[in-house]
Amino acid sequence: MAATEIVIERKTPPSAGPRPSSGALKPSLVGLSREEMGEQLRDKGVPDRQVKMRVSQLWNWIYVRGVSDFDGMANVSKDMREMLKTHFTIARPEVVEEQVSNDGTRKWLLRFPPRGAGRPVEVETVYIPEEGRGTLCVSSQVGCTLTCSFCHTGTQKLVRNLTAEEILAQLLLARDRLGDFPAGDAPVGAMVPSEGRRVTNMVMMGMGEPLYNFEEVKKALLIASDGDGLSLSKRRITLSTSGVVPEIYRTGEEIGVMLAISLHAVRDDLRDLLVPINKKYPLKELIEACRNYPGVSNARRITFEYVMLKDVNDSLEDAKGLIQLLKGVPSKINLIPFNPWPGTNYQCSDWEQIEKFADFINAAGYASPIRTPRGRDILAACGQLKSESERMRKTERLAFEAMMIAGHGEDDD
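Parameters at a glance
In this numbering scheme, every chain counts its residues from 1 along its sequence in written order. Local features in a predicted model are, by the rule used here, given only for residues with pLDDT of at least 70; side-chain atom pairs are given and counted only at 80 or more, and totals for whole chains, interfaces and linings are based on all residues. Processing note: side-chain calculations cover all non-hydrogen atoms of the structure and skip hydrogens and water entirely. Numbering of helices and strands starts at the N terminus; helices are DSSP runs of H or I of at least 4 residues and strands are runs of E of at least 2. Classification of residues uses two cut-offs on accessible area relative to the type maximum, computed with a 1.4 Å probe and protein chains only: under 20% is buried, over 50% is exposed, and between them is partly exposed. Two residues qualify as a contact provided that any one of their heavy atoms is within 4.5 Å of a heavy atom in the partner residue. Each accessible area is a Shrake-Rupley result for a 1.4 Å probe, and residues are judged covered by the shown protein chains and nothing else. One speaks of a salt bridge when a side-chain nitrogen belonging to Lys or Arg is within 4 Å of a carboxyl oxygen belonging to Asp or Glu. A strand pair is defined by DSSP finding two or more bridges across the two strands. Taking the helix axis as origin, the arc is that swept by the directions to the C-beta atoms. For helices, the fitted axis covers only the stretch in contact; all axes are lines through C-alpha atoms, and the angles between them, taken along N-to-C directions, range from 0 to 180 degrees. What sets the label is the angle itself: under 35 degrees gives roughly parallel, over 145 gives roughly antiparallel, 65 to 115 gives roughly perpendicular, and the rest give oblique. Crossings are sorted by hand: turned counterclockwise from the far helix by less than a right angle, the near helix makes the crossing left-handed, and turned clockwise it makes it right-handed. Each residue gets one of three labels, nonpolar for Ala, Val, Leu, Ile, Met, Phe, Trp, Tyr, Cys and Pro, charged for Asp, Glu, Lys and Arg, and polar for the others, Gly among them.

Trainee: What am I meant to see in the overall build of the protein here?
Mentor: The secondary structure content of the protein amounts to ten helices and twelve strands. Burial analysis of the protein (413 residues in total) assigns 55% to the buried set. Within the protein, contacts between residues separated by at least 24 positions form 68% of all contacts whose residues are at least 6 apart in sequence. With the model as given, the accessible surface of the protein reaches about 17,600 Å², and the carbon-plus-sulfur share is 49%.

In structure tokens form, the structure reads like this:
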């Protein structure tokens, strides 16, 4: 039988427009709270009596209508628009490359301008279309500090945290490209949900550890879930952590989104190797934090991600240990076939073994879907994302990767 043809559509779109030199970067209004936006307007001479109204206008244009140019704000006076253009920006990041997988997965390589004396940085954002939903995987850092041994992203050193603006810009850009704002049209032939929004779910599972960038992630997710703006349900936003225990409770209390844990092992000795943060926050502390996560219930379960590594963590003894470990925690277990990347020493578990593992967990009463790998042909699958920022220093770096899982969050509000 002939091999399946893999079709990768590579697009290098036009730049989002010329950006000022690093010494003249304008502050962005994207990512500011209403209060912060109001202060910025006051500082530029907008009278106090107008501030609330102006903030409301800007919020609607940026987050409901999706404009990326002040000239598109039809009900804002010309003088006001000129002032905004002089002092601020709402421009999208530059799209360096867009790749489309043969399964409809899309990956954008985005470039953000330098901060201070730094260099421009690049991150990857991935969109996974499914029946009735579209999941966007968003990055929170450039690189990562966690060095999980099975994850390609972990081989890229941390460059810096992303700002709330840069986190939200990934969502805005994706909605632009998918025609997901009013009057927008999806690209011809694009795989998107047949009805409703094209981006229905958002997962903080891209490059980086979100809870090591807590304040900026919090600000971005509160804006993403704001009912008068982007209006994503908090039950459709999932934050994935490798186990930064002190910030887990804060995530539930201060952000209120769904929680996912990159677990991958049920014994401390093995998890120390696979997910080294376990040495700082061992399994007992991690599971206790999950048990006490604000709002956790059978209706709002915690997702535990478990990558299937051949002869490492895929035995039935491991399955038994997983059930014992999660006892009393409302849980869903995502079994993730390992996605290979150049240079890795791990192999994916045999499919028969993955199914045995899943059957054992299902029989114990846990939902344990096996996640179909998506976007492997463009290195967009779970654990494969990596930006091209390192190529500035090391040109022989292999292709990009990121941490992304489809199927997170609730289907209903």
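Trainee: Mind showing me how you'd approach the environment of Ala289 here?
Mentor: Structurally, the position occupied by Ala289 is in helix H8 (residues 283–291). The spacing of Ala289 and Val244 is 45 residues in sequence and 9.7 Å in space, taken between C-alpha atoms.

Trainee: Please clarify how the pattern of salt bridges should be interpreted in this entry.
Mentor: Where side chains of opposite charge bring their charged atoms close, a pairing between them can arise. Summed over the entire model, instances satisfying the criterion amount to 27 salt bridges. The residue Arg106 makes a salt bridge to Glu98 at a minimum N-O spacing of 2.8 Å. With a closest N to O distance of 3.5 Å, Arg267 and Asp318 form a salt bridge. With a gap of 51 residues between them, Arg267 in the loop between strand S10 (258–262) and helix H7 (268–274) and Asp318 in helix H9 (residues 316–325) connect regions that are remote in the sequence. Overall, Arg267 belongs to the partly exposed group, its relative accessible area being 38%. Overlapping salt bridges, with partners in common, bring together Glu215, Lys218, Glu247, Arg250 and Glu254 in one network.

Trainee: Help me understand the pairing of strand S2 (residues 94–100) in this model?
Mentor: Both faces of the sheet carry side chains from a regular strand, because those side chains alternate between them. Of all the seven residues making up S2, six are buried; the element is thus mostly covered by neighbouring parts of the structure. In terms of strand pairing, S2 meets strand S3 (residues 106–112) through six bridges, oriented antiparallel. Following the sheet pairing, Val95 is matched in S3 by Leu110. Counted between consecutive antiparallel strands, the loop separating S2 from S3 contains five residues, among which Gly104 sits at a positive phi close to 95 degrees.

Trainee: Just checking my understanding: could you explain unusual backbone geometry for this structure?
Mentor: Leaving glycine out, the prevailing phi sign among residues is negative, and the prevailing peptide bond configuration is trans. Backbone geometry places Ala183, a non-glycine residue, at a positive phi of 70 degrees. Residue classification places Ala183 among the exposed positions, given a relative accessible area of 80%. A positive phi angle, near 60 degrees, is found at Asp311, a position not held by glycine. Tracing the chain through its elements places Asp311 in the loop between strand S11 (302–308) and H9. Judged by relative accessible area, which is 68%, Asp311 ranks as exposed.

Trainee: Sorry, what's going on with H8 here?
Mentor: The periodicity of an α-helix, 3.6 residues per turn, causes residues three or four positions apart to be oriented the same way. What H8 keeps buried is the set Leu283, Leu286, Ile287, Ala289 and Cys290. Along the axis of H8, the buried positions cluster into a sector of 155 degrees, meaning they face one direction only. Turning to H8, the residues buried within the fold contact helix H6 (245–255), S10, H7, S11 and H9.

Trainee: Just checking my understanding: could you explain the packing of helix H4 (residues 164–177) against helix H5 (residues 214–224) for this structure?
Mentor: Two quantities define a packed helix pair, namely the angle between the helix axes and the distance between the axes. One way to put it is that H4 packs onto H5 with a least axis distance of 8 Å and a crossing angle of 40 degrees. Looking at the two axes, H4 sits oblique to H5. Once H4 is placed against H5, the crossing between them reads as right-handed. Together, Ala164, Ile167, Leu168 and Leu171 of H4 and Glu216, Val217, Lys219, Ala220, Ile223 and Ala224 of H5 make up the contact between the two elements. In terms of residue class, the contact of H4 with H5 is made up of eight nonpolar, no polar and two charged.

Function-wise, these values are silent; they only describe arrangement.
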